[in-house]
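# Examination of the molecular architecture
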Amino acid sequence: MVNHLPLAVKNGLRNRRRSLLTILSIAASLSLLGVLMAMYQAFYLSPGTEDQAFRLITRNRISLATPLPVSYRDQIKQVPGVREVMIFQWFGGVYKDTNFENFFARFAVEADKEFLMYPTYRIPDEQKRAFQNERTACVAGRPLADRYGWKLGDRITLMGDIYPVDLELTLRGIYDAPRDNENLFFHYLYLREAIPASMRDYVGTFIILAKDRDVVPRIAAAVDKMFVNSPAQTKTETERAFEMSFLSYLGNVKVFLLAVCGAVTFTLLLVTGNTMAMSVRERVREVGILKTLGFTPGGILGIVLTESVLLSVIGAFLGLGVSEGLCAFLRRSPTTFADLKMLHVPYSVIALSLLLAVFIGLASAAIPAWSASKRPIIDCLRFND
Amino acid sequence: MAIPLSYNLRNLSVRWTTTVMTAVGIGLTVTVMVSILGLVEGLHTSLAATGNPRHVLVMRKGSTSELTSTMTRQTFQDLRFTPGILRSPSGDPLASLEMVTVMVLESPDRPEGMNITLRGLLPVGFTLREQLKVVEGRKFLPGNREVIVGKSISDRYPKARIGRTLRFGRGEWTVVGVFDSGLSAANSEVFADLDQVSADFFRSDILSSVLARTADETAARTLVSRLSSDRRFSVLALTEREYYEQQTKSGDVVKILGFIVAAIMAVGSSFAAMNTMYAAVSRRAAEIGTLRVLGFTRGSILLSFFLESVFLSLLGGTFGCLLALPLNLVQAGIGNWVTFSEITFAFHVGPKTMAEGLAFAMLMGVVGGLLPARMAASKEIVIALRET
């Protein structure tokens, strides 16, 4: 194929506008395909992070909106293999206004356990102590603090919706984390003091830290079994599974991603096939001349296929660049999906896209190239489009 | 003078392979777009039909949904005689105290179970929902551990068919009937006796919300402001329609994602259409020259090629819409972020959605056809005639 490269390049450059349009069209489709495959990979094929494997989340079996008795915490602590249990309460609420841009996750947690549960969160010791020693203190992830320009000591007011209280918090620490780093954490004890007495005995979720990752499935089963005959049954799953359950709220995302990927690939095939058919038809007479000069049918086939593969691979590179840009756009979107916050086009998707580009280049040019190489010289020379 | 449209039609049919390939490319883009629109439309229809503009929903102040709201029997007694709420012939206010919670139902494709809205209500609740019809079996009897399920629930969850028993709360419940309330979201709910359900969930005095009927929309708005401003209650009142319209936000993520996908696909398809049209123009250079010699103006050539591109895209658009039509038979479920439970709805690919799809196709044709048409129009006669 390499031998055909100079001629293929020359042919590609002849009708620059068409080649450019084809490349752009392929790039647009492949950029989409790249992002969708990156999402698919992030959602369904990545196992979660190393430290995640040690954490489980217990919630009410009925739904996330139905609370659990706070007394469950000490009972769960007794389960073999459990290192620590922490109250983890979604606060919801409103910061500034109800605009979606001002949405971020706020959790009431037990301040003395927070950084034990999340060993990958890095925070200076004096900030950690300041957070733990002051009941109205809070800590925020670096990107979140940057988003609002918060500095240590700033006041942050959250208006409650699930809880009928407004909280006045003081920022005492900013932590760095590789993942899921746009959250705000504050003292559960502060929330508990502020809410009506009838709400104090219930919390939304508990986070369990396992001593070892191997015992995680056993802990999940043991916890759920413990409360099976209680008024509030529990559902305990790994943090990863918990995150994934949110995805199912969007409907059948898997089918959506696959269906669109299929449609895009098919469109790609059509577009490239169409271009190659047009480009081959335009130069049938030229093919006749090449044959007269002694090019074999195989040679003709090679030239056409090389050109087509060249176009689609260039398009693929361009498209993958755009994909990465789209990923950056999605990373910045206000969402609580940690997977989206980390979205990149992984190497596996790059490899797959390039492979697909080569396949599309070959498949789309196959028929026109084949018929051009088979056409008798006389027919070629006489051909008038 | 305009060039007859049949000229363009013949051209499209002579090069039919190119035409078909380009049109199918545009068509698939339109299918994706129409599917998304059909989903959003279906969700909207389902939720909008649930909200009666004459009904007022009362919840605890600060709550965002019936699920997180609380309503004591005392508050209900205090507010049910508020002026503006209609009375039944026997003199009782048409106000329904209800309890809303969720239960888990497993289905073959979701073995881990999906959250379903469970609603406890009194007979007056059925009076207010007059569009609701029991299509199979009967209503539950007050005081019994019986439930009736919405039509979508019974269709999607084999465990919730008539005669089966469901486990939730403190024990087992028998499914005694299936109801249909038209397109409304109630079809994704399970109904049971208020007192039985609230006792099972240890909430006999802490229920969820009140639904009240007023004479008309104006009266509904008056009641909303009267209840909201009454300091004794500290409640949030809104018309039922407003409440359900807020919930259509559940489809926003899918909608935005879908539009981005369709937009990027459209860019690709526009380039493809442009390619096809450029090829058509360069192939027909001599024809264009001849047309000019015959006296057709540059303007009419521009228009002619432009229309050809639009026509090509409409062909694709029609194909795309047809491809999306079977979606009308598909029932889908989407998680409701407000209630943390599932809303079931049917895709709705109707005339409006298809018109939007065709408009979208036309846009691709316009973008793809404008530049090639301009090139065709700007050709000089002599040069055009010499081109082969």
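Residues numbered from 1 in each chain as written. Chains lettered and ligands numbered in written order. Predicted model: local features only at pLDDT ≥ 70, side-chain atom pairs only at ≥ 80, totals over all residues. Heavy atoms only, no water.

### Examining the overall build of chain A
Helices and strands together make up the secondary structure of chain A, namely 15 helices and 12 strands. At 30 Å, chain A has a C-alpha radius of gyration far larger than the 21 Å of a compact globule built from 385 residues. Principal-axis analysis of the C-alpha atoms gives chain A an extent of 95 × 45 × 35 Å. Scored against the burial criterion, the 385 residues of chain A give a buried share of 52%. Contacts in chain A between residues at least 24 apart in sequence constitute 79% of all its contacts with a sequence separation of at least 6. Distance from the positive charge centre (43 side chains) to the negative charge centre (35 side chains) of chain A: 9 Å. (Helix = DSSP H or I, 4+ residues; strand = E, 2+ residues; numbered from the N terminus. Rg over C-alpha atoms; globule rule 2.2 N^0.38 Å. Buried < 20%, exposed > 50% of the residue type's maximum accessible area, 1.4 Å probe, protein only. Contact = heavy atoms within 4.5 Å. Lys, Arg positive; Asp, Glu negative; His and termini not counted. Charge placed at Lys NZ, Arg CZ, Asp CG, Glu CD.)

### So, the pairing of strand β8 (residues 171-180) of chain B
Residues and elements named next belong to chain B. Here β8 lies mainly inside the structure; seven of its 10 residues are buried. Across four bridges, the pairing between strand β5 (residues 133-137) and β8 is antiparallel. Bridge pairing links V134 to F179 in β8. As defined by bridge partners, strand β6 (residues 146-150) adjoins β8 across five bridges and the pair is classed as parallel. Bridging across to β8, G150 finds its partner in F179. (Pairing = 2+ DSSP bridges.)

### Focus on the domain arrangement of chain B
Domain boundaries in chain B define domain 1 (5-48 + 250-386) and domain 2 (55-213). The gap between the C-alpha centroids of domain 1 of chain B and domain 2 of chain B is 46 Å. (Domains from an automatic or database assignment.)

### Observations concerning the interface of chain A and chain B
Interface extent is often summarised as the accessible area lost during association of the parts. Each partner contributes residues to the interface: chain A has 45 residues there, and chain B has 52 residues. For the pair chain A and chain B, the two sides together bury roughly 4,000 Å², of which 69% comes from carbon and sulfur. Where chain A packs against chain B, one counts zero salt bridges. Counting every contact that joins chain A to chain B gives four residue pairs in polar contact (both at pLDDT 80 or more). Of all the elements in the fold, those that place two or more residues in the side of chain A that touches chain B are α2 (16-45), α10 (253-282) and α12 (297-332) of chain A. Ranked by the residues each element gives to the side of chain A that touches chain B, the list is headed by α10 of chain A, at 14 residues. Class assignment of the residues belonging to the side of chain A that touches chain B gives a composition of 25 nonpolar, 12 polar and eight charged. (Buried area = accessible area lost by both parts, 1.4 Å probe. Salt bridge = Lys/Arg side-chain N within 4 Å of Asp/Glu carboxyl O. Polar contact = N/O pair within 3.5 Å; in protein donor to acceptor, adjacent residues only side chain to side chain. Nonpolar A, V, L, I, M, F, W, Y, C, P; charged D, E, K, R; others polar.)

### Topic: the packing of aromatic side chains
Enumeration over the complete set of coordinates arrives at 27 aromatic pairs over all chains. Taken together, a centroid distance of 4.8 Å and an interplanar angle of 15° make the contact between Y118 of chain A and Y121 of chain A stacked. When its relative accessible area of 5% is taken as the criterion, Y118 of chain A is described as buried. Y121 of chain A gets classed as buried once you look at its relative accessible area, which sits at 8%. With 4.9 Å between their ring centres and 5° between their planes, F168 of chain B and W173 of chain B make a pair best called stacked. Of the two residues, F168 of chain B and W173 of chain B, neither departs from the other in class, the shared state being buried. Above the face of the Y278 of chain B ring, R17 of chain A is positioned so that its terminal group lies 3.6 Å from the ring centre. If you follow K139 of chain B out to its NZ or CZ, it ends over the ring of F126 of chain B, 4.5 Å from the centre. (Phe/Tyr/Trp six-rings, centres within 6.5 Å; stacked < 30°, edge-to-face > 60°. Lys NZ or Arg CZ within 6 Å of the ring centre and 35° of its normal.)

### Here we look at the domain arrangement of chain A
Domain annotation for chain A reports domain 1 (2-47 + 251-382) and domain 2 (62-232). Placing a centre on the C-alpha atoms of domain 1 of chain A and another on those of domain 2 of chain A gives a separation of 48 Å.

### With respect to α2 of chain A
Counting along an α-helix, one turn takes 3.6 residues, and residues three or four places apart therefore face a common direction. Counted at 1.5 Å a residue, the expected span for α2 of chain A with its 30 residues is 44 Å, and the 40 Å between its end C-alpha atoms agrees. Among the 30 residues that make up α2 of chain A, 23 are buried, leaving the element largely enclosed by the rest of the structure. (Expected span 1.5 Å × (residues − 1).)

### Some remarks on the pattern of salt bridges
On inspection of all chains with the given rule, the structure shows 33 salt bridges over all chains. The salt bridge partner of E239 of chain A is R55 of chain A, with a shortest N-O separation of 2.5 Å. Placement of E239 of chain A in helix α9 (residues 239-247) and of R55 of chain A in strand β1 (residues 55-60) is noted, with a sequence separation of 184 residues between them. Comparing E239 of chain A with R55 of chain A, the two get one shared label, buried. Salt-bridge contacts for K352 of chain B lead to E41 of chain B; the nearest nitrogen and oxygen are separated by 3.3 Å. In this pair, K352 of chain B sits in helix α12 (residues 351-378) while E41 of chain B sits in helix α2 (residues 16-50), placing the two residues 311 residues apart along the sequence. Looking at E41 of chain B, the relative accessible area reads 22%, which means it is partly exposed. Overlapping salt bridges, with partners in common, bring together R73, D74, K77, E84, E110 and K113 of chain A in one network.

### What to know about the nonpolar core
Residue and element names in this part refer to chain A. One finds M39 and L343 to be the most contacted residues of the largest nonpolar core, which totals 56 residues. Counting residues per element, this core draws most heavily on α2, at 13 residues. Among all residues touching L343, those that are not within four sequence positions of it are A38, M39, A42, C327, L330 and R331. By size, the runner-up hydrophobic cluster in this structure holds 44 residues, among which are V70, Y95, C138 and Y188. (Core = buried A, V, L, I, M, F, W, Y, C linked by side-chain atoms within 4.5 Å.)

### Concerning helix α14 (residues 347-374) of chain A
Residue and element names in this part refer to chain A. The end-to-end C-alpha distance of α14, which contains 28 residues, comes to 40 Å, matching closely the 40 Å that a straight helix rising 1.5 Å per residue would cover. Taken as a whole, α14 carries its principal kink of about 50° at A366; the proline P368 stands between one and four residues after it. Looking at α14, one finds that the buried residues are V349, S353, A357, I360, G361, S364, A365, P368, A369, A372 and S373. Where the residues of α14 are buried, they touch α2, α10, α11 (284-292) and α12. (Bend = angle between axes of the 7 residues up to and from the residue.)

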